[in-house]
Amino acid sequence: MVPTVHYMMGGIPTNYHGEVVVPQGGDAGNGGAGLLRGRGMRLRLGARSQPPRYEFTDRPARLRQGVRGIDDQILRENPGRKDLPKDAVERTQARLARLDGQKNGESVAEVGMEIRRTMQAHCGVFRFPEMLVKGVKKIHEIADRATRTEIKDKSRVFNTARVEALELDNLIEVARASMVSAEARRESRGAHDRADHHSRDDANWLKHTLWYKEGDRLEYKPVHMKPLTARTIEPKVRTY
């Protein structure tokens, strides 16, 4: 038996109304994952699932019902809706066409298992610098293999093989984001424990990591330390 993921830490950064927070400029929309302070690197416990569940389902729902006055302001400032990219349909169809046409490709199950093995060996709870560097290289190799997966079942109705293949595309992106971000973060914080940096470094690393698929680019955004109503809780050393 090996440990498994029961909760993904992090996600789309939003404010408490469920509106997506963009790093610099741009437009905000609605997203499903809220960003509680420190949530991305906290130790996950079951009880902590309750605040985001209540906060990020109730408020966005009330916003969509027009309860919040600023909703009208947002609609006035952003009339209509943005057009989809011109190649949106083609990109979606290309994913399906590749699976239908791929021959002599990789097994979806085998590539998925290799993702799990690599994340367990190179990016577990206790992380070592040389293992992270090797992990980044290996996860890139697996990402390349994931572009050549093949499914034997080509049927169009209730095709779970196709669903699993499409889900693998999502899994490898999450794995890349986790591995690359962990290798770059030179500190220990919450569930991220580096053998070469035992302490938390608030001076340099009190910030959220933003991963971009194109080139595995990383950017960072500051942690919001000014709650609207509650008293700010300063970071402290975890002691038992």
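It should be emphasised that the depicted structure is a prediction, and the values quoted were computed from it without experimental measurement.

**A closer look at the packing of aromatic side chains**
When we look at a pair of aromatic rings, we describe it by the centre distance and by the angle of the planes. Across all of its chains, the model carries one aromatic pair by this definition. Their ring planes at 80 degrees and their centres at 5.5 Å tell us that Trp-205 and Tyr-220 sit as a pair that is edge-to-face. With Trp-205 in helix α7 (residues 202-205) and Tyr-220 in strand β6 (residues 217-222), this residue pair connects regions lying 15 residues apart in the sequence. Note on Trp-205: relative accessible area 11%, which makes it buried. Its relative accessible area of 31% is what places Tyr-220 among the partly exposed residues. For Lys-207, the ring lying beneath its charged end belongs to Tyr-220, and the centroid distance is 4.5 Å. Across from the ring centre of Tyr-212, 3.9 Å away, lies the NZ or CZ of Arg-217, which sits over that ring.

**Things to note about the nonpolar core**
Residues Ile-115, Met-119, Ile-139, Ile-172 and Met-179 are the most contacted members of the largest nonpolar core, which totals 22 residues. Put simply, the parts of the chain that give this core at least two residues each are α4 (108-122), α5 (129-146) and α6 (160-184). The element contributing the most residues to this core is α6, with eight residues.

**As for the pairing of β6**
Judged from the six bridges that link them, strand β5 (residues 207-212) and β6 form a sheet pairing that is antiparallel. Opposite Lys-207, over in β6, you have Pro-222 as the bridge partner. Counting the residues in the hairpin turn of β5 and β6 gives four residues, including Gly-215, whose phi is positive at 75 degrees.

**Examining the side chain of Glu-114**
Looking at where Glu-114 falls in the secondary structure, it is placed in helix α4. On the basis of relative accessibility, which here comes to 16%, the residue Glu-114 falls in the buried class. In terms of polar contacts, Glu-114 uses its side chain to reach the side chain of Arg-117, at 3.2 Å. With residues near it in sequence (within four places) discarded, Glu-114 still touches Lys-138, Ile-142 and Arg-145.

Reading guide: rules and limits
Residues numbered from 1 in each chain as written. Predicted model: local features only at pLDDT ≥ 70, side-chain atom pairs only at ≥ 80, totals over all residues. Heavy atoms only, no water. Phe/Tyr/Trp six-rings, centres within 6.5 Å; stacked < 30°, edge-to-face > 60°. Helix = DSSP H or I, 4+ residues; strand = E, 2+ residues; numbered from the N terminus. Buried < 20%, exposed > 50% of the residue type's maximum accessible area, 1.4 Å probe, protein only. Lys NZ or Arg CZ within 6 Å of the ring centre and 35° of its normal. Core = buried A, V, L, I, M, F, W, Y, C linked by side-chain atoms within 4.5 Å. Pairing = 2+ DSSP bridges. Polar contact = N/O pair within 3.5 Å; in protein donor to acceptor, adjacent residues only side chain to side chain. Contact = heavy atoms within 4.5 Å.

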